[in-house]
Amino acid sequence: MRQWGFVYLADGCDPTRDVSRVDSGNCLTVLIGVGRVEQVVAAARVIEAVGSEVPVGSVMYGAEATEQLHDLFGG
């Protein structure tokens with residue numbers, strides 16, 4: 001694969017503004033920041049519309065990262 005996309009949720013992000021592209025020439029990564037869950041749902045509808053044309057996955061943190069995530073995000 002040479003193209004990747006990630007949608008992340010963070011306070012204050014706006015998907016019309018917070019888009020970053022990293023293109024090495026061999027690989028393109030697009031990061032889209034959303035500030036509300038509703039915006040994540042809208043992104044999911046786009047994924048649904050493209051069907052099997054684009055592989056879709058998720059990034060998750062394991063249990064070993066729980067303490068660090070709580071420290072980072074004040075949980």
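Remember, it's a predicted structure, so these values are computed and weren't measured experimentally. (Residues numbered from 1 in each chain as written. Predicted model: local features only at pLDDT ≥ 70, side-chain atom pairs only at ≥ 80, totals over all residues. Heavy atoms only, no water.)

Some thoughts on the sheet that holds strand 2 (residues 19–23)
Logical step 1: Read from one edge of the open sheet, three strands run 1-3-2, paired in mixed fashion. Pairing within the sheet leaves two strands with one partner each, and these edge strands are strand 1 (3–9) and strand 2. Averaged over neighbouring strand pairs, the angle between their axes works out to 15° when direction is ignored.
Logical step 2: As paired elements, strand 1 and strand 3 (residues 28–34) share seven bridges and run parallel to each other. Its bridge partner lying in strand 3, Val7 is registered against Ile32. (Pairing = 2+ DSSP bridges. Helix = DSSP H or I, 4+ residues; strand = E, 2+ residues; numbered from the N terminus. Axes fitted to C-alpha atoms, helices over the stretch in contact; angles between N-to-C directions.)

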